[in-house]
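Structural overview for review
Below, each chain spelled out in residue letters.
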Amino acid sequence: ESAAVAAPSQPEVAAGSAASAVVLPERLQRREAERQQGVERQRQKKEAQVVKEEQSEFFLAAFAREREAVEALLAAGTLEEAAARLQALQKLLTGSVRFLAPYEVRQGQETVARLQGDLAARRQQLQPKKKFAFRALKKEAAPGSAPRPAEPAPPDHAAPDPGPGLAEGESGGPPLCGFSGAQDAELELGPAELLQRDVLLSELRGCRVRLRGNPNTLRVRDCSGCTVLCGPVSTSVLVDGCSDCLLALACQQLRTHRTRDCRVYVQVTSRAVIEACSEVSFAPYSWSYPGIERDFESSGLDRNSNNWNLVDDFDWLATDRPSPNWSLIPEQERITCWD
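Computed from a predicted model, the values in this text were never measured in an experiment. (Residues numbered from 1 in each chain as written. Predicted model: local features only at pLDDT ≥ 70, side-chain atom pairs only at ≥ 80, totals over all residues. Heavy atoms only, no water.)

Some points on the sheet that holds strand 4 (residues 208-211)
Strand order in the open sheet formed by 7 strands is 2-4-6-8-10-12-14, with parallel pairing between adjacent strands. A single partner strand is all that each edge strand has here, and the edge strands are strand 2 (186-189) and strand 14 (326-328). Direction aside, neighbouring strands of the sheet carry axes that sit 20° apart on average. Bridge count for strand 2 against strand 4 is 4 bridges, and the pairing is parallel. In the sheet register, E186 faces strand 4, and the bridge partner there is R208. (Pairing = 2+ DSSP bridges. Helix = DSSP H or I, 4+ residues; strand = E, 2+ residues; numbered from the N terminus. Axes fitted to C-alpha atoms, helices over the stretch in contact; angles between N-to-C directions.)

What to know about unusual backbone geometry
Most peptide bonds take the trans configuration, and most residues that are not glycine carry a negative phi. At E203, a residue that is not glycine, the phi angle is positive and equals roughly 55°. By relative accessible area, E203 is classed as partly exposed at 44%. In the Ramachandran plot, E279 falls in the positive-phi region, its phi being about 55° despite a non-glycine side chain. Relative accessible area serves as the criterion here: at 58%, E279 is assigned to the exposed category. (Buried < 20%, exposed > 50% of the residue type's maximum accessible area, 1.4 Å probe, protein only.)

Concerning the layout of surface pockets
Taken as a whole, the second largest pocket spans an internal volume of roughly 510 Å³. Every residue lining the second largest pocket is counted, 18 residues in all, and those nearest its centre are T94, T269, G300, L301 and D302. Looking at the lining of the second largest pocket, the elements with two or more residues in it are helix 3 (79-96) and helix 6 (292-299). When the residues that make up the lining of the second largest pocket are grouped by side-chain class, the tally is 4 nonpolar, 9 polar and 5 charged. When residues of the lining of the second largest pocket are assigned to domains, at least three map to each of domain 1 (26-126) and domain 2 (178-333). (1 Å grid on protein atoms, 1.4 Å probe; cavity = no way out; pocket = protein on both sides within 12 Å on 5 of 7 lines; lining within 4 Å. Points joined across faces, edges and corners; volume = space filled by probe spheres on them. Nonpolar A, V, L, I, M, F, W, Y, C, P; charged D, E, K, R; others polar. Domains from an automatic or database assignment.)

Topic: the confidence of the model for the protein
Chain-level pLDDT for the protein is 79 on average; 76% of the residues reach the 70-or-more range. Confidence over residues 129-175 falls short of pLDDT 50; this stretch has 71 contacts with residues more than four positions distant or in other chains. (pLDDT = per-residue confidence, 0-100. Contact = heavy atoms within 4.5 Å.)

With respect to the pattern of salt bridges
Counted by the stated rule, this structure contains 14 salt bridges. Linking E293 and R303 is a salt bridge whose minimum nitrogen-to-oxygen distance equals 2.7 Å. Highlighted residues: E293 in helix 6 and R303 in the loop between helix 6 and strand 13 (311-313), separated in sequence by 10 residues. When its relative accessible area of 34% is taken as the criterion, R303 is described as partly exposed. Notably, a salt bridge pairs R321 with D320, separated by 3.9 Å at the nearest N-O pair. Accessibility assignment for this pair places R321 and D320 in one class, exposed. When salt bridges with common partners are traced through the structure, they connect R67, E68, E71, R114 and D118 into a single cluster. (Salt bridge = Lys/Arg side-chain N within 4 Å of Asp/Glu carboxyl O.)

Focus: the sheet that holds strand 7 (residues 236-240)
The 7 strands are arranged 1-3-5-7-9-11-13 in an open sheet whose pairing can be described as parallel. In the strand order of this sheet, the two ends are held by strand 1 (177-180) and strand 13, each with one partner. The sheet shows a mean angle of 10° between the axes of neighbouring strands, taken without regard to direction. Where strand 5 (residues 217-221) meets strand 7, 4 bridges bridge the pair, whose relative direction is parallel. Note on strand 7: the bridge partner recorded for V220 is V239.

So, in structure tokens, the structure goes:
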């Protein structure tokens, strides 16, 4: 009797076996689904890597062709076409950064910088009389009477030979375009005068400077009480030894040295750097003028990339407290109308 009670009936055994048979395939199905998902992820990753490599190979081939074309145009003296092709080369590099390896980006930037230097040197070599060299203004010049760089300059007003006291980033090569030594003057350069040129503003007092165009580099040195409004700069801007200035700048790199009590409206694709500075404040770049979109395209700068509020202070090493040497301009105090 007890054996008869303990032993399961045939229908119960059959039901248990059926339940096990149902659970087992479900587990196998889940494991199989997970395996398939892993395989699919690996496939997609591999395909993405292949696409990235193909894009990199296409870029390198296209970049090499454009570089050779620019070099050939420079050698032939076809400078305007070389400048246009060089702008296209810069734009190609900027648009390809997202899939290039860091060393490929660095090599591309070095190539573009070298070609920009070669272009400036060839302009100086082939068109010396049309070079827009900066020159010191006479101290007795009245406001607004500063000569335009496009006008022929007498020999005694030519830019002095750069001596050993060059600011960081300046070279002893061809004369730069820009203004020097003016006081209480309205100064301006346009797109044709600025295109991919190196610009120097030095020892200005109480001046308002408008640079409507696309320079290659910009140096603002030993200026006080000035307003400097500049279109997009392809590479770097250096502000050195300035005080009580208002600056509107768009560039790849911004470095500020020995500067105090200045307001900077900036668009910068890297982090701005200050050193030996105090009371420098920042806001996003907001100056505009007819043709600025074209100049941004020429510069290769990405309008959607702006690190205006990311500033590295080389004199402030504390990580738990903000630097007292710079600040952000409150939104309600920012300039919205520049005219």
